[in-house]
Amino acid sequence: QMQVEESGGGSVQPGGSLTLSCTSSVFNLVYSTIAWFRQAPGKEREGVACISHGDNSTKFEDSVKGRFTISRDNAKNTAYLQMNRLRPEDTAVYYCAAKLDEVPGICPVPAEQYHYWGQGVQVTVSS
């Protein structure tokens, strides 16, 4: 089984919204830095957003600032990526990644530091 699981992908029209969820049945995401990455057709994987374990601070890729929100619900062991005012260029496979921290850490951190990855969910914003 995947150690991290995403859900909430789908197809929307430009300007629409989707919320992605990330959870794990194996470990506690409360003690993890969580990030969302995406890979669009013909493009390299890029970081979209992250939320730190250390101080719950968040970081966003420039193109999604003001449109996307990352959050976590510790009681549900779930992190979320709320995506608003979606654009066709947001179309990609979105991956949740978790970095289990023995001590608090602050993101962003290089992708290779994320040890646990989901298998990805497709987000399609039609043009």
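Further up the page is the structure itself.
Q: When you look at empty space enclosed by the protein in this model, what are you seeing that I'm missing?
A: To find leftover empty space, one rolls a probe the size of a water molecule over the atoms. Within this structure, the stated rule accounts for two cavities of 30 Å³ or more. Of the volumes computed, that of the largest cavity is approximately 50 Å³. Lining the largest cavity, in full, are Arg-38, Gln-39, Ala-40, Lys-43, Glu-44, Glu-46 and Glu-89. When grouped by side-chain class, the residues that make up the lining of the largest cavity number one nonpolar, one polar and five charged. Taken as a whole, the second largest cavity holds about 40 Å³ of empty space. Leu-29, Val-30, Arg-72, Asp-73, Asn-74, Asn-77, Thr-78 and Ala-79 together form the lining of the second largest cavity. Taken together, the elements giving at least two residues each to the lining of the second largest cavity come down to β7 (68-73) and β8 (78-83). Broken down by class, the residue content of the lining of the second largest cavity amounts to three nonpolar, three polar and two charged.

Q: Can you walk me through the state of the cysteines in this structure?
A: Disulfides are covalent bonds that link the sulfur atoms of two cysteine residues. In this structure the tally under the stated criterion is two disulfides. The disulfide partner of Cys-50 is Cys-107, and the S-S distance across this bridge is 2.1 Å. Between Cys-50 and Cys-107 the disulfide shows an S-S torsion of about 95 degrees. By sign, it is right-handed. In this pair, Cys-50 is assigned in strand β5 (residues 46-51) and Cys-107 in the loop between β9 (92-100) and β10 (116-117), connecting sequence segments 57 residues apart. Across the pair, Cys-107 and Cys-50 agree in class, each one buried. Assigning the bonded cysteines of the protein consecutive numbers by sequence position, one obtains the connectivity 1-3, 2-4.

Q: Looking at this model, I keep getting lost on the pattern of salt bridges. Mind explaining?
A: Close approach of charged atoms allows side chains of opposite charge to pair. Overall, the coordinates contain five salt bridges when judged by the stated rule. Note that Asp-90 is salt-bridged to Arg-38, the shortest N-O span being 3.0 Å. Residue Asp-90 is located in the loop between β8 and β9, and its partner Arg-38 is located in strand β4 (residues 32-39); the two are separated by 52 residues in the primary sequence. Using a relative accessible area of 1% as the deciding quantity, one classes Asp-90 as buried. Here Asp-62 makes a salt bridge to Lys-65, at a shortest N to O gap of 3.0 Å. Taken together, the salt bridges that share partners define one network made up of Arg-38, Glu-46, Arg-67 and Asp-90.

Cut-offs used in this document
Residues numbered from 1 in each chain as written. Predicted model: local features only at pLDDT ≥ 70, side-chain atom pairs only at ≥ 80, totals over all residues. Heavy atoms only, no water. 1 Å grid on protein atoms, 1.4 Å probe; cavity = no way out; pocket = protein on both sides within 12 Å on 5 of 7 lines; lining within 4 Å. Points joined across faces, edges and corners; volume = space filled by probe spheres on them. Nonpolar A, V, L, I, M, F, W, Y, C, P; charged D, E, K, R; others polar. Helix = DSSP H or I, 4+ residues; strand = E, 2+ residues; numbered from the N terminus. Disulfide = S-S within 2.5 Å. Buried < 20%, exposed > 50% of the residue type's maximum accessible area, 1.4 Å probe, protein only. Salt bridge = Lys/Arg side-chain N within 4 Å of Asp/Glu carboxyl O.

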